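Architecture at a glance
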Amino acid sequence: MLGFIRGRCRTVFVSGFHRIACDGRSVTLAAALGLALSVPVQAATGASATSPAVVSPNSMAAANAVPAGTDAPAGALPNIAFFYSDPSPVVTLLQAYDAVVVSPSSTFKPTEHALEHTTWIARVDLANVAADTTNLSGSFVEQTLAPLWQQGYRGFAFDGLDALFASAPNADARATREHNVATLIDTAAQRFQNARIVQHGGASLLPQTHPRVYAYVTGSVMRGLDANGQTPVPVPEAQRAATLADAQRIHQDFQVPVIAIDFCPALDRACARDDAKAVRAVGDSIGLAPYVTDPGFDSVGIGRIEVIPRRILLVQDTDPTQPIDESAGVRDLAMPLNYLGYTIEYADVNKPLPGHVTPDRYAGIVVWLERAPVDSSGDWEKWILARIADHVRTVFFSDFGFVMNPQAGAALGLTTFDGRPRGQVSIVSKDPMIGFEVMPAADGRDADGIKVGDNGTSLLRLAAGDFVYDPVALTPWGGYALSPFTIASLNSIGQERWAIQPLDFLSRALALKPMPMPDTTTENGHRFFMVHVDGDGFASRCEFPGPDFSGQALYDRLFSKYRVPTTLSVIEGEVGSKGLYPQLSPRLEQIARQMFLLPNVEIGTHTYSHPFEWEDVQEGTGERVKHRSTIDQGGGDSAFSLNIPNYTFNLDREITGSIDYINSRLAPPGKKVKILQWSGNCEPPGIAVRKTYEAGVLNINGGDTVITKTANSWTNIAPIGVDKGPDAFQVYAPNQDENVYTDDWQGPFYGFTRVLETYAMTNEPRRFKPINLYFHMYSGTKIASLRALEEIYQSVLKQSVFPIFASEYALKAIDWQNFAVARDGDSWLVRGDGELRELRYPSAVKPNLASSSNVAGFTPAPDGTYIHMAGSSARFSLATGDVTQPYVKAASGFIRKMVRGPGTLNFEVGSYYQPSLDLANVGACRVNLDGKAVARRGDDLHLDLTAVTGQDIQYHQVEVNCGS
């Protein structure tokens, strides 16, 4: 397995940020290989960051890791992709394939994109190899193949064999070339252990090479390329029949999988989908698998599987004086898109827009413009209309960003007209999704003269006399919702409300099909519960008799009593001897050591000086610049940070410096800082987020999930996190802290109990968030706040929760970013890093357990069905009838080492705190727990298990046998 190992964790880099996987888990080369017979090895651009040394209990030991491709059904053909451009931007998509053939380049290093289930194979084009092929098995192997192996490729696709052999001047020369290439394949297989060899053409070699060959590539079946290799053209029927016959013979004679590469225009996914389906219809029975791509091999093609792109490009006109966290895209649109299963790439309409926004890579474009028209409206209009012409689904919120003249309207299938409505505006028709949380009053001054065409659907039609217009509509290319029918501001109470149901609108406008979505709220049917505490107020004295400082009070009444996984942090500048309170430091450090010693506690840092206004940190340099805050005002919320004597802000001191202090002064043996908890407004620039990963820790905080009965709007639910650039994904806290619920700590100090409303409202009718008990050390200073916390603990622990650490949640959030979902006929294939183990299907379904792989079970969700994965990948179809196999209905614990057989189910389960297990369909089965028979009644069985408090989990062996 590839990757940079640190402890038991791997860091790999995908689409610009870390993938963290613990416990495991051609130059066209024609010229380079054929003429120079060598490939220069250059360093990849950018520095490699080091992964957090975080061990997740969901991770398996390397010896138990699933080898690439083994999540496929027995006897299934491998799924192989061919991608000859730089694959770095699409690694998260390509990981759905068992192997990917890549043209090596200086910009892509497989070691930096190591995947548990996917093998990177180097394309080696032999078409132009010099006439003398005698060195192929000698110097060519060492000078060309060995460097590729060193870069992390674990296979070689030998291309151009038919051209090489056809160019031989006579039969003897051809025979010599064939012999030398066969020897090359044999030598490569022996020299590079377990190398996967893909043979592209040269069928005459197969009697010799087939034991070494992973797959054979034959000719096109539906569409090949013209003589110039540029344009897809239909394959003549006679040639198609011959190719199919050859494929059948090869598979029958040599048991080698055969791949047919077909071609469609680059942006025509319907063509690729139809041709792949046609080839599969005839190929499944003869060992032939399709792969349909574009002539430049620059698309994520469609084979037996079709990878569903989960990325949305969100284009907005951001305020350059504000961090991206405060933009409408992050604040309002990201959460609905996250809930629907989609990750977000942000772009500023007034800056250069990304290239290669194509339907194989993006699920769509969502535009939110608040200050239209944009700076260069003509360029923007040209760019977005080109993307729509490229078949990328597009949705506009608030404004189009350009003048909707007749030409633009015609391009979008809209009818445009001049003027404004006069008189009273009335509703002609309204879809139920309009007026979701509030129905804005229609104002003719906001009207745009636009009507949807015959191929569209009006969702809101308004009229004033003869002036009839559609401010909200669905179109063949997507849809739009114009102001004010997006989000309405309730200025009198300082709140916002959705005027349109965003989930339904986005689903219909982007034409999102139901799919199993990775879920960060739940595992094995139980909602996550995590506790994390920021270090603010650690030096505050208690306002009641007994304990001296807040940390001691929290230790006595909460941390040592409720032995759930808990993440605690301190601010070095508040606790350390060089900080604000050197005279108190010995006692404060003593309390911190006492807390960190608890077995249920993991350690976080809350920085050195607790910056309040992170937007004052410059993105490019990490230096502090004057912005909205002022210098040295004594540490209030209007200051940049705590006013620590003789300290000048230094980003490395805040992050790595505070980590080193805690690790060396406060952490007990065997424990280190695992996570940085953002301070202040929790809106750090990308450079700060990046430095947390480089320091070997995760990060959390930010976002504003504060929905309550008096602030009842989905606008008060934050997204999972925000991507702030390469290697800079900030994980948001699932819920906000007590400061928000106590009027900025002005009182009432028992007000944090209202967080129970938030927990309930983010659970049903849709589970948007896990339960996150997030507070500050200063809550230990008052009896009212302590009692509020005790009430929250007691209420939550009566629910069916699964307690985990904040670092584990952060790992799941990162895995969610990278997760791959693919369709395989009537089945689904999902792959991730192994941290995230739960899927949510958006309707009531049952997985077909008899034919599934790595599916432990399922349970109804508030908003669909939870499907429990037992590894980093899973494959399943949906059952059409009853499920009769035994399965895990729910478990408040991690499941590992699951093996399902005919009538049997064996696995291990364990947790940090009061694990439980619910089994279904075991009425006629023998159930053993840790080798002892378990009495049961009925088809369902509930087991309460034991746990040992700490960060090492006690796993229990469960064996279910339903045989005779």
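Residues numbered from 1 in each chain as written. Predicted model: local features only at pLDDT ≥ 70, side-chain atom pairs only at ≥ 80, totals over all residues. Heavy atoms only, no water.

Under an unreviewed UniProt entry, the protein chain has the name Glycoside-hydrolase family GH114 TIM-barrel domain-containing protein and belongs to Pararobbsia alpina.

A count of helical and extended segments in the protein chain gives 21 helices and 51 strands. On C-alpha atoms alone, the protein chain measures out to a radius of gyration of 30 Å, which is about the 30 Å that the 2.2 N^0.38 rule sets for 964 residues. Within the protein chain, buried positions represent 62% of all 964 residues. For the protein chain, the computed accessible surface area is about 35,200 Å², with 48% contributed by carbon and sulfur atoms. (Helix = DSSP H or I, 4+ residues; strand = E, 2+ residues; numbered from the N terminus. Rg over C-alpha atoms; globule rule 2.2 N^0.38 Å. Buried < 20%, exposed > 50% of the residue type's maximum accessible area, 1.4 Å probe, protein only. Areas by Shrake-Rupley, 256 points an atom, 1.4 Å probe, with all protein chains shown as cover.)

Strand order across the open sheet formed by eight strands is E16-E15-E17-E18-E24-E23-E22-E20, with mixed pairing between neighbours. The two strands at the open ends of the sheet, each matched to only one other strand, are strand E16 (343-348) and strand E20 (426-430). The sheet shows a mean angle of 20° between the axes of neighbouring strands, direction not considered. With four bridges connecting them, strand E17 (residues 364-368) and strand E18 (residues 394-398) associate as parallel partners. From the neighbouring strand, valine 366 faces E18, where its bridge partner is valine 395. (Pairing = 2+ DSSP bridges. Axes fitted to C-alpha atoms, helices over the stretch in contact; angles between N-to-C directions.)

Moving on to the pattern of salt bridges. This structure, assessed with the given rule, holds 34 salt bridges. Across the pair aspartate 360 and arginine 361 runs a salt bridge whose closest N-O atoms are separated by 4.0 Å. For aspartate 360, a relative accessible area of 3% corresponds to the buried category. On the basis of relative accessible area, arginine 361 is assigned to the buried category, the value being 8%. A salt bridge links aspartate 824 to arginine 875, with the nearest nitrogen and oxygen atoms 2.4 Å apart. Separated by 51 residues along the polypeptide, aspartate 824 in strand E38 (residues 820-824) and arginine 875 in strand E43 (residues 873-877) bring together distant segments of the chain. Judged by its relative accessible area of 8%, aspartate 824 is buried. Given the relative accessible area of 5%, arginine 875 is considered buried. A cluster of three or more residues bridged by salt bridges with shared partners is formed by Arg280, Asp284, Arg304, Asp824 and Arg875. (Salt bridge = Lys/Arg side-chain N within 4 Å of Asp/Glu carboxyl O.)

A few words now on helix H21 (residues 806-818). In a regular helix each residue adds 1.5 Å, so 13 residues correspond to 18 Å; H21 covers 19 Å between its end C-alpha atoms and thus fits that length. The buried fraction of H21 is high, at 13 of 13 residues. (Expected span 1.5 Å × (residues − 1).)

To continue, consider the pairing of strand E51 (residues 956-961). Of the two faces of E51, the one lined by His956, Val958 and Val960 is fully buried and the one lined by Gln957, Glu959 and Asn961 carries no buried residue. As judged from the six bridges shared by strand E46 (residues 904-910) and E51, these two strands associate in the antiparallel manner. Bridge assignment links asparagine 906 to a residue of E51, and that residue is glutamate 959. Two elements, strand E48 (residues 926-929) and E51, share four bridges in a ladder whose sense is antiparallel. When the sheet's bridge partners are listed, valine 927 is paired in E51 with valine 960.

On to the sheet that holds E51, then. Whenever strands of a sheet pair, they do so through backbone hydrogen bonds, lying parallel or antiparallel. The antiparallel open sheet is built from five strands, whose spatial order is E45-E46-E51-E48-E49. Looking at which strands have only one partner, the edges of the open sheet turn out to be strand E45 (894-901) and strand E49 (932-933). For E48 and E49, the ladder comprises two bridges, and the chain directions are antiparallel. Bridge pairing in E49 places leucine 929 opposite lysine 932.

This part is about empty space enclosed by the protein. In this structure, the largest cavity encloses a volume near 140 Å³. Lining the largest cavity are 16 residues; nearest its centre among them are Asn338, Tyr339, Thr520, Ile720 and Phe768. With three residues, helix H9 (residues 328-339) is the largest single contributor of residues to the lining of the largest cavity. Looking at the lining of the largest cavity residue by residue, the classes come out as eight nonpolar, four polar and four charged. Taken domain by domain, the makeup of the lining of the largest cavity includes at least three residues from each of domain 2 (311-510) and domain 3 (522-812). In this model, the second largest cavity occupies a volume close to 80 Å³. (1 Å grid on protein atoms, 1.4 Å probe; cavity = no way out; pocket = protein on both sides within 12 Å on 5 of 7 lines; lining within 4 Å. Points joined across faces, edges and corners; volume = space filled by probe spheres on them. Nonpolar A, V, L, I, M, F, W, Y, C, P; charged D, E, K, R; others polar. Domains from an automatic or database assignment.)

Grouped together as the largest cluster of nonpolar side chains are 161 residues, with contacts concentrated most on Phe397, Phe505, Phe559, Leu773 and Phe775. Once residues lying within four places of it in the same chain are set aside, the contact partners of leucine 773 are Phe529, Met530, Val531, His532, Phe752, Tyr759, Leu789, Ile792 and Tyr793. One finds Leu126, Phe192, Ala215 and Val300 within the second-largest nonpolar core, a separate group that totals 63 residues. (Core = buried A, V, L, I, M, F, W, Y, C linked by side-chain atoms within 4.5 Å. Contact = heavy atoms within 4.5 Å.)

Take unusual backbone geometry next. Going from serine 483 to proline 484, the amide bond is cis rather than trans, its omega being 10°. Not every positive phi belongs to a glycine, and aspartate 744 is a case in point at roughly 55°. The phi dihedral of tryptophan 745 is positive, around 65°, even though this residue is not glycine. Classification of tryptophan 745 by relative accessible area gives buried; the value is 17%.

Attention now goes to the environment of threonine 904. Mapped onto the elements of the fold, threonine 904 is located in strand E46. You can call threonine 904 partly exposed: its relative accessible area is 21%. For threonine 904 and valine 927, which are 23 residues apart along the polypeptide, the C-alpha to C-alpha distance reads 9.8 Å. With near-sequence residues (within four places) excluded, threonine 904 lies in contact with Val899, Val960 and Asn961.

Remark: helix H13 (residues 550-559) packs on helix H20 (residues 783-796), axes separated minimally by 11 Å, with the N-to-C direction vectors making an angle of 30°. On the basis of the axis angle, H13 is roughly parallel to H20. For the crossing formed where H13 meets H20, the hand is right-handed. Counting all contacts with H13, which are made through Ala553, Leu554, Arg557 and Leu558, the residues of H20 involved are Ile783, Leu786, Arg787, Leu789, Glu790 and Tyr793. Grouping the amino acids of the contact of H13 with H20 by side-chain chemistry returns seven nonpolar, no polar and three charged. (Parallel < 35°, antiparallel > 145°, perpendicular 65-115°, else oblique. Left-handed = near helix turned anticlockwise from the far one by under 90°.)

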